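Residue-level listing of the chains:
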Amino acid sequence: MIAKGIKVKTFKETYTKKDGGEGSRNFLLISTEDQYNPNIVFYVSDKAIENVEKIANGCPVEVEFNLGSKEFGGRWFTNAQAWKVVKNGEAPLTSDTSKDDSPW
């Protein structure tokens, strides 16, 4: 799936793991500027968050993501996991430097 919008911010939330330790998750908030429910929060992996943070807040972005749902305690929870974030009009920002597409 693809969502287009304006990058609002990235943020991190901490949580308690099953073993009692602490963990954290990275998130990206975009505004689609739709009339109803314009904001979408995406989970972003630790590996990808550094590149997402390079995109300035307020820039237009395109996010490719997967949706997943799980049941827990009789309730359903849905997660939007971003796997590619592109500043509109540019190539995706990735941490893989082994593929150099430069012409020189």
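Residues numbered from 1 in each chain as written. Predicted model: local features only at pLDDT ≥ 70, side-chain atom pairs only at ≥ 80, totals over all residues. Heavy atoms only, no water.

**Thoughts on the packing of aromatic side chains**
Applied cut-off: A pair of Phe, Tyr and Trp rings is counted when the ring centres sit within 6.5 Å of each other, with Trp represented by its six-membered ring. The angle between the planes then sorts it: under 30 degrees is stacked, over 60 is edge-to-face, the rest tilted. Comment: elements are numbered from the N terminus, with helices defined as DSSP H or I runs of at least four residues and strands as E runs of at least two. Throughout this description, buried means an accessible area under 20% of the type-specific maximum (1.4 Å probe, protein chains only), exposed means over 50%, and partly exposed covers the range between. Whether a charge sits over a ring depends on NZ of Lys or CZ of Arg being within 6 Å of the ring centre and within 35 degrees of the ring normal.
Tallied over the entire structure, the rule returns three aromatic pairs. Between Phe11 and Phe27 the ring centres are 5.4 Å apart and the planes differ by 20 degrees, which places this aromatic pair in the stacked class. A residue pair is termed long-range when its members are at least 10 positions apart, and Phe11 in strand E1 (residues 2-16) and Phe27 in strand E2 (residues 22-31) qualify at 16 residues. Note on Phe11: relative accessible area 23%, which makes it partly exposed. Through successive ring pairs, a cluster of aromatic residues spans Phe11, Phe27 and Tyr43. Sitting over the ring of Phe11, Lys9 keeps its end group 5.2 Å from the ring centre. Stacked on the ring of Tyr43, the Lys or Arg Arg25 has its end atom at 4.4 Å from the ring centre.

**Quick word on the environment of Ile49**
Spelled out, the test is: The contact definition used throughout considers only heavy atoms, calling two residues in contact when any of these lie within 4.5 Å.
As for its position among the elements, Ile49 is in helix H1 (residues 46-53). Between the C-alpha atoms of Ile49 and Asn26, which are 23 residues apart in sequence, the distance is 6.8 Å. When neighbours within four sequence positions are excluded, Ile49 is seen to be in contact with Thr10, Asn26, Phe27 and Val44.

**Description of the environment of Ala3**
With respect to the element layout, Ala3 can be found in strand E1. With a relative accessible area of 7%, Ala3 lands in the buried category. As for Ala3 and Val85, which are separated by 82 residues in sequence, their C-alpha atoms are 9.7 Å apart. When neighbours within four sequence positions are excluded, Ala3 is seen to be in contact with Ile30, Ile40, Phe42, Val61, Glu62, Val63 and Phe65.

**Some details on the side chain of Thr32**
Here Thr32 is to be found in the loop between E2 and strand E3 (39-44). Excluding anything up to four places from it in sequence, Thr32 contacts Lys4, Gly5, Asn37, Pro38 and Ile40.

**With respect to the pairing of strand E4 (residues 60-72)**
Worth spelling out the cut-off: Two strands pair if DSSP finds at least two bridges between them.
Note that E1 and E4 share five bridges and pair antiparallel. From the neighbouring strand, Ile2 faces E4, where its bridge partner is Glu64. Between the end of E4 and the start of strand E5 (residues 75-87), which pair antiparallel, lie two residues, with Gly73 showing a positive phi angle near 60 degrees.

In short, shape yes, function no, at least from these values alone.
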